[in-house]
Amino acid sequence: MININAIREDFPALHELRDGKPIIYADSACMSLKPKQVINALVDYYSHYTACAGRSPHAFSRETTRLYNESRKKIAAFINAKDAAEVVWVKNTTEALNLGSNILKLDSKEKPTLITTSESHNSNLVKWVRLESIGKINLKIIPTHIDCAFDIEKFTSVVEKCPPENFLASLNHVSNVTAAHIPVKELGKIVHEHEGLLQLDAAQSFPHAPLDVQKMGIDLLGASMHKALGPTGMGILYGKYEILEQLEPLILGGETVSDVKALNSGKVKIEMLNPPSKFEAGLQNYAGAIGSGAAVDYLNSVGMENIAKYEVHLARKMLTGLNEALGDKIQILGPKDPTQRAALAAIDLKGINPHEVAILMDEMSNIFLRSGYHCTHYWHHTINLNEGTLRPSWYLYNTVEEIDIFIETLEEIINMLT
Amino acid sequence: MSFKDEEKVIRLIILLLEDMPNNEATTKELIDEATSLGVADCPDRIPSALVELAAKGQIKKHISREKKAIIWSLSS
């Protein structure tokens, strides 16, 4: 069980007052708040042992190296990777997915195929559209059904036509708009039977529920630490080690090579390091990595099963409350069953502009949430929601009372405008 | 959003409002106009710029039930 009062005590931002009133933070799908344990880990690095990892023999550097490596091990354990070397530090999910897609052999005789879904975040779409436009890949977009059930039949028929050993299914684990989960294990099986690879956009699942990359059959996975109580500018790419060995880095430089030799011919020869080092060029975000370790420590201390259960409780409260109060005035996108979705909702306000509602929510009740396309422009356009949607997203530090205030305020705003 | 981008969106909103009848428009109308001119950043960036402009007193807002929307207008 979750001790919500104790959790809320850990998050300084929840105690900020605006105009003398508390804030209600409902934008965790974009950015989570940070517990003091993570903030302290960052401050400790900058206050007490600032240094480069692995470069110098002094005490600060040794401490940085120790905690930097420990954090990678913590992330590996958090997703049940076989080895810490399967975890690469990146900036965010976007960078992770871009890097993961380098596994496609763009210069092979038969053009590679990339499969994604229509509700994909731009992080899992824009690069693929770009590659297709310059003739490097075939892009297949599986349309998301209106009820958000994953179209396994359609997916299978697309996979069957893909070139073996040169296709990547890059799929959202949990959508940041429909809130729906996909059946990862089942889809991975289909992909592997046809000799392809499965890359998971875990931006909206990594912070909210247990993940087991081995049991789920995931080849590559991207996640952002800033959505998981961690620092901004930090993310991870998980990859099976044998895949990381084949993967071409996005950038090269210091720390990616074991040696740079002068050959007798006058040429220069580089000797690349093994994963994950070959992907981590230049000076790294050591504070960010150490803060990321503190974030997963915090999540583990609460328990990912507990967080997942609590979020179902929040999702149920939100769906029931919204339907009772505003059922005919709004449309909540995504699955109706709270056990089948994340604790977020893209809400169609049926002719009322979502940005204006978000502005009024902030003004009237200090409710902070997001409005618009949520980086899923394509999906909103395909379902003719061209003004976007209003999206509250809840996390382990939110309460059912906050959801009540959100619903009451939304009702008040809709009445005010109509 | 970089500082420059924010400045750009703010300047754009002022220019658009200056061209609108009665110097006023809804958020949707501003986004649509910016998009049609091909000068918009991501449309999701316009609302926060509107709030900034209102806080600085350069624009003001009122509710229109007829339009089911907030009307933004240039402060006189």
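Residues numbered from 1 in each chain as written. Chains lettered and ligands numbered in written order. Predicted model: local features only at pLDDT ≥ 70, side-chain atom pairs only at ≥ 80, totals over all residues. Heavy atoms only, no water.

Caption draft 1: Quick look at the overall build of chain A. Helix and strand counts for chain A stand at 14 helices and 17 strands. For 418 residues, the compact-globule formula gives about 22 Å, and the C-alpha radius of gyration of chain A, at 22 Å, lands near that figure. Each of the three principal axes of chain A carries a C-alpha extent, and together these read 80 × 55 × 35 Å. For chain A, the residues scored as buried account for 55% of the 418 residues in total. When contacts within chain A are restricted to residue pairs at least 6 apart in sequence, those whose partners lie at least 24 apart make up 71%. Split by element, the accessible area of chain A, about 17500 Å² in all, is 52% carbon and sulfur. Where the 40 positive side-chain charges of chain A centre and where its 50 negative ones centre are 6 Å apart. (Helix = DSSP H or I, 4+ residues; strand = E, 2+ residues; numbered from the N terminus. Rg over C-alpha atoms; globule rule 2.2 N^0.38 Å. Buried < 20%, exposed > 50% of the residue type's maximum accessible area, 1.4 Å probe, protein only. Contact = heavy atoms within 4.5 Å. Areas by Shrake-Rupley, 256 points an atom, 1.4 Å probe, with all protein chains shown as cover. Lys, Arg positive; Asp, Glu negative; His and termini not counted. Charge placed at Lys NZ, Arg CZ, Asp CG, Glu CD.)

Caption draft 2: How the structure looks around the sheet that holds strand E1 (residues 24–26) of chain B. Residue and element names in this part refer to chain B. With antiparallel pairing, the three strands of this open sheet are ordered in space as E1-E3-E2. Taken across any chain shown, the strands that pair with only one partner, and hence form the sheet edges, are E1 and strand E2 (59–64). On average, each strand axis in the sheet is inclined to that of its neighbour by 30 degrees, with strand direction left out of account. Across six bridges, E2 lies against strand E3 (residues 69–74) in antiparallel orientation. Within E3, the position partnered with lysine 61 by the bridge is tryptophan 72. Relative to the sheet, helix H2 (residues 27–36) contacts E1 and E3, its axis offset from that of E1 by approximately 95 degrees. (Pairing = 2+ DSSP bridges. Axes fitted to C-alpha atoms, helices over the stretch in contact; angles between N-to-C directions.)

Caption draft 3: Local environment of the side chain of Asp151(A). Here Asp151(A) lies in the loop between strand E6 (138–142) and helix H6 (152–160). One buried charged residue, Asp151(A), remains without a salt bridge, the closest side chain of opposite sign being Lys154(A) at 6.9 Å. (Salt bridge = Lys/Arg side-chain N within 4 Å of Asp/Glu carboxyl O.)

Caption draft 4: Examining unusual backbone geometry more closely. Residues and elements named next belong to chain A. Put simply, proline 275 and proline 276 share a cis peptide bond, and its omega is 0 degrees. Phi is positive for glutamate 255, close to 80 degrees, though the residue is something other than glycine. Assignment of secondary structure puts glutamate 255 in the loop between helix H9 (241–246) and strand E11 (257–262). Among the residues examined, glutamate 255 registers a relative accessible area of 31% and is labelled partly exposed. Even without glycine at this site, asparagine 366 takes up a positive phi of about 55 degrees. Within the secondary structure layout, asparagine 366 lies in the loop between helix H12 (354–365) and strand E15 (367–368). In this structure asparagine 366 comes out as buried when scored by relative accessible area, which is 3%.

Caption draft 5: Quick look at the sheet that holds strand E7 (residues 167–172) of chain A. Residue and element names in this part refer to chain A. Here we have seven strands laid out as an open sheet, ordered E4-E10-E9-E8-E7-E5-E6, and mixed in their pairing. Sheet topology places strand E4 (87–90) and E6 at the edges, where each strand pairs with a single neighbour. Taking each pair of neighbouring strands and ignoring which way they run, the sheet shows an average axis angle of 20 degrees. Pairing geometry for strand E5 (residues 113–117) and E6, over five bridges, is parallel.

Caption draft 6: Representation of the side chain of Ser32(A) in the model. Residue and element names in this part refer to chain A. Inspection of the secondary structure assignment puts serine 32 in the loop between strand E3 (24–25) and helix H2 (36–48). Its relative accessible area of 1% is what places serine 32 among the buried residues. Of note is the side chain of serine 32, whose polar atom sits 2.8 Å from the backbone nitrogen of leucine 229. With near-sequence residues (within four places) excluded, serine 32 lies in contact with His226, Lys227, Ala228, Leu229, Gly230, Tyr395 and Tyr397. (Polar contact = N/O pair within 3.5 Å; in protein donor to acceptor, adjacent residues only side chain to side chain.)

Caption draft 7: Region of interest: the pattern of salt bridges. Residues and elements named next belong to chain A. With the rule as written, the count across this model stands at 18 salt bridges over all chains. The salt bridge involving glutamate 280 is made with arginine 72; its shortest N-O contact spans 2.8 Å. Here arginine 72 lies in helix H3 (residues 59–78) and glutamate 280 lies in the loop between strand E12 (268–272) and helix H10 (286–302), a separation of 208 residues in the sequence. Note on accessibility: glutamate 280 and arginine 72 belong to one class, buried.

Caption draft 8: Geometry of the pairing of strand E9 (residues 220–224) of chain A. All names here are of chain A. Where burial is concerned, most of E9 is hidden: five out of the five residues are buried. Both faces of E9 are covered, namely the face carrying Leu220, Gly222 and Ser224 and the face carrying Leu221 and Ala223. As judged from the three bridges shared by strand E8 (residues 197–201) and E9, these two strands associate in the parallel manner. Each bridged residue has a counterpart across the sheet, and for leucine 200 the counterpart in E9 is leucine 221.

Caption draft 9: Inspection of the packing of aromatic side chains at higher detail. All names here are of chain A. If you walk through the whole model with that rule in mind, you get 10 aromatic pairs over all chains. When the centroid spacing of 5.1 Å and the interplanar angle of 70 degrees are considered together, the rings of tyrosine 45 and tyrosine 46 count as edge-to-face. Classification of tyrosine 45 as buried rests on a relative accessible area of 6%. Plain terms: the ring middles of tyrosine 68 and tyrosine 286 are 5.2 Å apart, the flat faces sit at 80 degrees to each other, and that makes the pair edge-to-face. Taken together, the positions of tyrosine 68 in helix H3 and tyrosine 286 in helix H10 put the pair 218 residues apart, joining distant regions of the chain. Look at tyrosine 68 and you get buried, because its relative accessible area is 6%. These aromatic residues form a ring-pair network of at least three members: Phe11, Tyr298, Tyr395 and Tyr397. (Phe/Tyr/Trp six-rings, centres within 6.5 Å; stacked < 30°, edge-to-face > 60°.)

Caption draft 10: Focus on H3(A). All names here are of chain A. Taking 1.5 Å per residue, 20 residues should reach 28 Å; H3 reaches 28 Å between its end C-alpha atoms and fits that length. Buried residues of H3: Ser61, Thr64, Leu67, Tyr68, Ser71, Arg72, Ile75, Ala76 and Phe78, and no others. As for H3, its buried residues are in contact with H2, E4, strand E10 (235–239), H10 and helix H11 (304–326). (Expected span 1.5 Å × (residues − 1).)

Caption draft 11: Highlighting H12(A). Residue and element names in this part refer to chain A. In a regular helix each residue adds 1.5 Å, so 12 residues correspond to 16 Å; H12 covers 16 Å between its end C-alpha atoms and thus fits that length. The buried count for H12 comes to nine of 12 residues, which makes it a mostly enclosed element. For H12, every residue scored as buried is listed here: Pro354, His355, Glu356, Val357, Ala358, Ile359, Leu360, Met361 and Ser365. Once H12 ends, the next one or two residues include asparagine 366, with phi positive near 55 degrees.

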